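# Summary of structural features
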Amino acid sequence: DEVGLRRLLGRIDALQAAELPAELSVTRWGPILRYLSLSDILQRDSLRSMLVAVAAILGITWVAFRSLRFGLLSLVPLATGIVSSGLFLVVTGIPLDMITIMVSSIAMGVGVDNSIHFLIQFRRQSAAGGGDLEGALRNTLAVAGRPIVLTTVSIIAGLLVLTLGIFKPIVYFGLLVAFTLCAATLGTVVVLPAVMSLSRRGGGR
């Protein structure tokens, strides 16, 4: 994997420094170096694009719901999925490379999609219940919770096929996507209702 390649290059650097005379210059070339260079570019650009995407999502949901609060709430499952995937990388030791870096884009798409469905249904239930927060949340989970969970489970089941491969980055990608989608879904059906309840009790509108 990419981490192993970078370690190998580090060992080569150490050998060159120890064994070759200082006046000798060394030029490396080959497809493996282009792969590592491309990975660096993708990781750098991925962070930028993720920030732009978050700003765009916030703006779109703010306008669509006509509420900054709902726009911010729509980002809760997204943040849950991305933060959880980062922790998963640290705990499992899976390297962040040009393949696993794409997981954040998938987490953003699924997380925002689920949160929008949840918030739309919450507005309907809140209007029907006369503004009762707890009742609206219960009804929203009863109506939208099951489709959200079942949809995500079906996607995860399909992506887990990737874990049967022999190419390690693809295996890592399958595991990380499955975990991130699970975390984003829990962010929608568990974390998001909790945040909404706490923010309303704290005086948020």
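An account of the accompanying structure is given in this report.

## Structural notes on the overall build of the protein chain
- Across its full length, the protein chain carries seven helices and zero strands.
- Computed over its C-alpha atoms, the radius of gyration of the protein chain comes to 22 Å, more than 25% above the 17 Å expected for a compact globule of 205 residues.
- Each of the three principal axes of the protein chain carries a C-alpha extent, and together these read 80 × 35 × 25 Å.
- Sorting the 205 residues of the protein chain into buried and exposed places 38% on the buried side.
- Counted over contacts in the protein chain with a minimum sequence separation of 6, partners at least 24 positions apart contribute 74%.
- Accessible area of the protein chain: about 11,800 Å², with a carbon and sulfur share of 68%.
- Across the protein chain, 17 positive and 11 negative side-chain charges occur, with their mean positions spaced 15 Å apart.

## Regarding the side chain of serine 126
- Residue placement: serine 126 occurs in helix α5 (residues 103-128).
- Contact partners of serine 126, with chain neighbours within four places excluded, come to Gly131 and Ala136.

## Details of α5
- Its 26 residues place the ends of α5 38 Å apart at the C-alpha level, agreeing with the 38 Å of an ideal helix rising 1.5 Å per residue.
- Within two residues after α5, glycine 130 carries a phi angle of roughly 75°, on the positive side.

## Brief notes about the environment of serine 37
- The topology assignment puts serine 37 in helix α2 (residues 31-65).
- Sequence separation between serine 37 and methionine 98 is 61 residues; the distance between their C-alpha atoms is 10.0 Å.

## Focus on the nonpolar core
- Formed by 15 residues in total, the largest nonpolar core has its most connected members in Leu73, Phe118, Leu119, Phe122, Leu137, Leu192 and Met196.
- Residue assignment for this core shows that the elements contributing at least two residues are α3 (68-73), α5, α6 (133-159) and α7 (168-201).
- Not counting the four nearest positions on each side in its chain, leucine 192 is found in contact with Leu73, Val76, Pro77, Ser115, Phe118, Leu119 and Gly187.
- The next biggest cluster of nonpolar side chains, apart from the first, holds 14 residues, and it includes Ile99, Ile156, Val177 and Ala178.

## Notes on a nonpolar patch on the surface
- On the surface, Trp62, Val63, Leu68 and Leu72 cluster together into a nonpolar patch covering about 400 Å² of accessible area.
- Of all elements in the fold, only α2 and α3 reach the threshold of two or more residues within the nonpolar patch.
- Looking at where tryptophan 62 falls in the secondary structure, it is placed in helix α2.

## Notes on helix α4 (residues 76-92)
- With 17 residues, α4 extends 24 Å between its outermost C-alpha atoms, agreeing within 8% with the 24 Å of an ideal straight helix rising 1.5 Å per residue.
- Listed in full, the buried residues belonging to α4 are Val76, Pro77, Leu78, Thr80, Gly81, Ser84, Ser85, Phe88 and Leu89.
- Positive phi appears at glycine 93, one or two residues downstream of α4, with a value of about 80°.

Procedures and definitions
- Residues numbered from 1 in each chain as written.
- Predicted model: local features only at pLDDT ≥ 70, side-chain atom pairs only at ≥ 80, totals over all residues.
- Heavy atoms only, no water.
- Helix = DSSP H or I, 4+ residues; strand = E, 2+ residues; numbered from the N terminus.
- Rg over C-alpha atoms; globule rule 2.2 N^0.38 Å.
- Buried < 20%, exposed > 50% of the residue type's maximum accessible area, 1.4 Å probe, protein only.
- Contact = heavy atoms within 4.5 Å.
- Areas by Shrake-Rupley, 256 points an atom, 1.4 Å probe, with all protein chains shown as cover.
- Lys, Arg positive; Asp, Glu negative; His and termini not counted.
- Charge placed at Lys NZ, Arg CZ, Asp CG, Glu CD.
- Expected span 1.5 Å × (residues − 1).
- Core = buried A, V, L, I, M, F, W, Y, C linked by side-chain atoms within 4.5 Å.
- Patch = residues over 30% accessible without salt bridge, like charges linked within 9 Å, V, L, I, M, F, W, Y side chains within 5 Å.
- Salt bridge = Lys/Arg side-chain N within 4 Å of Asp/Glu carboxyl O.

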